[in-house]
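The primary structure of each chain is shown beneath.
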Amino acid sequence: MMKVADMRGYAQSRIVVALAATLVATLSAAASGQVLLHDDFDDSNGPIGAQGDGVVDLSAYRAPFGGEDFLGRTQLRFDLPVENFATAAGGSSDGRVALIELDTYNPLDPGNAFYGTDLLTKTNFARAGGLRWEARMRFRDGLPGGLVGAGFLYDVQRQDPPNSGVLVRDEIDHELLSNVAQGPAPQSTFTNVWNDGPFTGPTSGGIGETINTSSVSGGFDLTDFHDYRIDWLPARVDYYIDNTLVRRETGVVPDDPMKSHFNLWAPDEGFGAAFNSGLQPTANPANNQTYTLEVDSVHIERLSTNATELLSDGGFENTFELPSVSGNGPPPTFDSATGTGEWVAFNNAYIDFGESVAPAEGFNGLKVYGPFKPTFDASGVWQNIAAAEGQEFRASVMAQSPSGDSIATNGDDQVRYTTLNLSFHDSAGAVLKEFAANPDSANANGKETPIFDSRDGNLPSIQDEWIEYTVDAIAPTGTSFVRYNLFFVQDGNFGPGAVHFDEASLLLLDPIAPLGVAGDYNDNGVVDAADFTVWRDARDSGVTLPNDPIGGTIGAAQYDQWVNNFGMVAGTPANAVPEPATLACLLGGLLLFGALRRP
């Protein structure tokens, strides 16, 4: 049996050898997955008709509108920001950035509010087995104190419970505070998180934490480009800066699908760490000052998730005439309230065999146009799919607005818009909660939102191309089935035009259960210093430790196992290694441990 003194020496020699080998290894990222969004903001994304226009991808992003357009002391503008702008700073991936700007002069409310920006995705993103969000951004030089620039995930405001009037949110933030940018280097950042967080009361401020960036670099500067990353996992949220883990949050973990945002705004005194009373809006346009957050790129991918297709005939290939509940086709062959397994049409929704618009795939598509009734009404299709509480879904569809049969208003007041919508129903068929695609409203419990909208002045630039639209959702308590809906809504003014759909999909997102990692003796999902304590206390005994495939008497073999896997996270691929800062801390800490124990 190895004596304690011998064990100490053996341990130190083994840890030094193991860490030396690991420090020279190539660092690799945690488990990667399906890319959901990647944008270098160089004006090459999105429909061809919208590329080269100098603004961000019209099919992927939107600006805030009614109910979402004020933050702190800042009116958020309704137009989309510039992209493909040549940055003056080094460190950009391609020298081209999007400009998230704030003006001290606000044409909508001169002298009373700033004029800021919030760029958000039309798509929301479910967590499922994990979601990775990463952005490269910086403050432009010359910002005053009193501004917040952020990249973050955010759940649109909703009522919880539905129709209660109580608004809550889910949110995960990386925030840059210009007050900090005025201070000495290394400069700190700020992180925050909410899960069903209220907008008023003592917990409305979230679970914030200031990040000491000295572990990232000695001269960290908010006006330099840095990579800010969020790994949103089922049991925790990990924050990274330049691939260095700077925070792990396990107490508050959001669960609702969220959109990606970038914004620049001026808070009021309620956010004391970021407020600056000396920064004030101006009533004179000649005195306007423009301040900028530059965003070099954004990348979103889904981790550790299996996806199963649930829709029947998503390409509309298997039928020549859709069953209809409004007499425009044969009656459905099942109870339309709770049945599953086929499309059901209502009003003017028909299979199109490629006569009007070539389908995205295959031979057929779906053509939908207004019901031409004297009040607001809709045409469309739905399909019911069995579902259960807590299941997560990703719905998508290819959609096209043809210029030859356009829904654009051309200056008229006729309203037409189309939606991709998921509605969750109980066993009696009653709607529990709705998640609508693009864009969301301030209350997502049931308001329709558009894919193509006749009131959108940008619509002509994205016509005549198939564009994918998506919406993610999680089933609420009481769910018996989910209804996949494609709607064409028309007011009573009989506006013309049609929209075509194809390649509809509804994926059930199943998290892949993370495998335990050898050496995680306290079974908390990561091999860390706490596992050394468990090993030490069990040494020389025959107890069974969690995540110990070696077994037998606890000793040097289990110690080596812990050393070799230190920093590994459950579900991380075997070739991944800890961050250099983590390794350095481990080396120093354990050598100190040995020194303190030396007789």
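Residues numbered from 1 in each chain as written. Predicted model: local features only at pLDDT ≥ 70, side-chain atom pairs only at ≥ 80, totals over all residues. Heavy atoms only, no water.

The number of helices and strands found in the protein is five helices and 29 strands. When burial is assessed residue by residue, the protein has 53% of its 599 residues classed as buried. If you take every contact in the protein between residues at least 6 apart in sequence, the share linking residues at least 24 apart comes to 74%. For the protein, the accessible surface area stands at approximately 23,800 Å², while carbon and sulfur atoms represent 52% of it. (Helix = DSSP H or I, 4+ residues; strand = E, 2+ residues; numbered from the N terminus. Buried < 20%, exposed > 50% of the residue type's maximum accessible area, 1.4 Å probe, protein only. Contact = heavy atoms within 4.5 Å. Areas by Shrake-Rupley, 256 points an atom, 1.4 Å probe, with all protein chains shown as cover.)

Let us look at the packing of aromatic side chains. For the structure on display, the rule yields 20 aromatic pairs. Ring geometry for phenylalanine 190 and phenylalanine 271: centres 5.8 Å apart, planes at 50°, overall tilted. Of the two residues, phenylalanine 190 sits in strand β12 (residues 189–198) while phenylalanine 271 sits in the loop between β17 (258–265) and β18 (290–302), which places them 81 residues apart along the sequence. Pair check on accessibility: phenylalanine 190 and phenylalanine 271 agree, each one buried. Aromatic side chains phenylalanine 393 and phenylalanine 424 sit 5.9 Å apart centroid to centroid with 45° between the ring planes, which places their arrangement in the tilted category. One end of the pair, phenylalanine 393, is in strand β24 (residues 392–400); the other, phenylalanine 424, is in strand β25 (residues 416–425), and 31 residues separate them in sequence. (Phe/Tyr/Trp six-rings, centres within 6.5 Å; stacked < 30°, edge-to-face > 60°.)

For the rest of this paragraph, the subject is the nonpolar core. Among the nonpolar cores identified, the biggest contains 88 residues, and Leu422, Phe452 and Tyr484 are the most heavily contacted of them. Looking at which domains feed residues into this core, each of domain 1 (34–305) and domain 2 (310–511) supplies at least three. Not counting chain neighbours up to four residues away, the residues in contact with phenylalanine 452 comprise Ala399, Gln400, Ser401, Ile407, Arg416, Tyr417, Thr418, Leu459, Ile462, Ile467, Tyr469 and Val499. Within the second largest apolar cluster, 13 residues are counted, among which are Tyr521, Val527, Ala538 and Phe566. (Core = buried A, V, L, I, M, F, W, Y, C linked by side-chain atoms within 4.5 Å. Domains from an automatic or database assignment.)

This brings us to the environment of arginine 77. By secondary structure assignment, the location of arginine 77 is in the loop between β4 (74–76) and β5 (85–86). Owing to a relative accessible area of 11%, arginine 77 belongs among the buried residues under this scheme. Spatially, the C-alpha atom of arginine 77 lies 9.1 Å from that of asparagine 106, the residues being 29 residues apart in sequence. Separated by 2.7 Å, the side chain of arginine 77 and the backbone oxygen of tyrosine 115 make a polar contact. Reaching out from arginine 77, the side chain makes a polar contact with the side chain of threonine 117 at a distance of 3.0 Å. (Polar contact = N/O pair within 3.5 Å; in protein donor to acceptor, adjacent residues only side chain to side chain.)

Here we take up the confidence of the model for the protein. Taken over all residues, the pLDDT of the protein has a mean of 84, while the share at 70 or more is 83%. Contacts from residues 437–449, a stretch scored under 50 in pLDDT, to residues over four places away or in other chains number 55 contacts. (pLDDT = per-residue confidence, 0-100.)

Right, let's talk about the pairing of strand β9 (residues 148–154) for a bit. Burial of β9 is extensive: seven of the seven residues sit out of reach of the surface. What you see with β9 is no split at all: Val148, Ala150, Phe152 and Tyr154 on one side and Gly149, Gly151 and Leu153 on the other are buried throughout. By the bridge criterion, seven bridges tie β9 to strand β11 (residues 167–177) in an arrangement that is antiparallel. Counterpart to leucine 153 in the pairing with β11 is isoleucine 172. Sheet topology places β9 next to β17; seven bridges connect them, and they run antiparallel. When the bridges of β17 are listed, valine 148 appears paired with tryptophan 265. (Pairing = 2+ DSSP bridges.)

Oppositely charged side chains can form a pair if their charged atoms are brought close together. Counting across every chain of the model gives 16 salt bridges. Here aspartate 103 makes a salt bridge to arginine 77, at a shortest N to O gap of 3.1 Å. One end of the pair, aspartate 103, is in strand β6 (residues 96–103); the other, arginine 77, is in the loop between β4 and β5, with 26 residues separating them in the sequence. Side by side, aspartate 103 and arginine 77 carry an identical accessibility label, which is buried. Among the salt bridges present, the one from arginine 536 reaches aspartate 537, with a minimum N-O distance of 3.5 Å. Salt bridges here are not isolated pairs; linked through shared partners, they connect Arg138, Arg140, Asp141 and Glu294. (Salt bridge = Lys/Arg side-chain N within 4 Å of Asp/Glu carboxyl O.)

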